[in-house]
Amino acid sequence: MTAGKYVARIVEVPDHGIKLEPAEGSVTPEEPTEVNLLGMAIALALGAAGYRHHAEQRDPELQTLDTLLSGDAVMPWRPADDGATPYIVCALNDGRPTCEVRPTAD
């Protein structure tokens, strides 16, 4: 698995969901299995932080994990109601990535 960190600001897109804005220097895996594992870890971290699916359906041709990780897709997640601009911070370890939603990119 790719070593390093994936860090992105979580940006609300009103009436559509959220998108991720990767921080400079963020590492995005290239292998499909690694991309899938990172996508699942992000989804679990968002759920644990109180994010919920938006009513709008996902377009599977446009809203892929690759486009989510690169910041090119809005995904149907409703942000938590605290008004903060949180970040998703993921450690890309051997095995599985670990992610958490944090108030800063640190």
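This text follows the structure it describes.
Basis of the calculations
- Residues numbered from 1 in each chain as written.
- Predicted model: local features only at pLDDT ≥ 70, side-chain atom pairs only at ≥ 80, totals over all residues.
- Heavy atoms only, no water.
- Pairing = 2+ DSSP bridges.
- Helix = DSSP H or I, 4+ residues; strand = E, 2+ residues; numbered from the N terminus.
- Axes fitted to C-alpha atoms, helices over the stretch in contact; angles between N-to-C directions.
- Contact = heavy atoms within 4.5 Å.
- Polar contact = N/O pair within 3.5 Å; in protein donor to acceptor, adjacent residues only side chain to side chain.
- Expected span 1.5 Å × (residues − 1).
- Buried < 20%, exposed > 50% of the residue type's maximum accessible area, 1.4 Å probe, protein only.
- Arc of directions from axis to C-beta.

Regarding the sheet that holds strand E2 (residues 17–22)
Moving on, step 1. Pairing within the open sheet is antiparallel, and its 4 strands lie in the order E2-E1-E5-E6. Every interior strand has two partners, whereas the edge strands, E2 and strand E6 (98–102), have only one. Between one strand axis and the next, the sheet turns through 25° on average, direction left out of account.
Moving on, step 2. Note that strand E1 (residues 4–13) and strand E5 (residues 87–92) share 6 bridges and pair antiparallel. Note on E5: the bridge partner recorded for Gly-4 is Leu-92.
Moving on, step 3. Of the strands in this sheet, E1, E2, E5 and E6 touch helix H1 (residues 32–48), which is tilted by about 40° from E6.

Points about the environment of Tyr-6
Moving on, step 1. As for its position among the elements, Tyr-6 is in strand E1.
Moving on, step 2. With 81 residues separating them along the chain, Tyr-6 and Tyr-87 place their C-alpha atoms 10 Å apart.
Moving on, step 3. At 2.8 Å, the side chain of Tyr-6 forms a polar contact with the backbone oxygen of Leu-69.

Points about H1
Moving on, step 1. Taking 1.5 Å per residue, 17 residues should reach 24 Å; H1 reaches 24 Å between its end C-alpha atoms and fits that length.
Moving on, step 2. When we look at burial in H1, the residues that qualify are Glu-34, Val-35, Leu-38, Gly-39, Ala-41, Ile-42, Ala-45 and Leu-46. The arc that holds the buried residues of H1, viewed along the axis, is 165°, so those residues lie on one side. When the buried face of H1 is taken as reference, the exposed residues oriented beyond 90 degrees from it are Pro-32, Thr-33, Met-40, Leu-44 and Ala-48.
Moving on, step 3. The inward-facing, buried residues of H1 abut E1, E2, helix H2 (65–70), strand E4 (77–78), E5 and E6.

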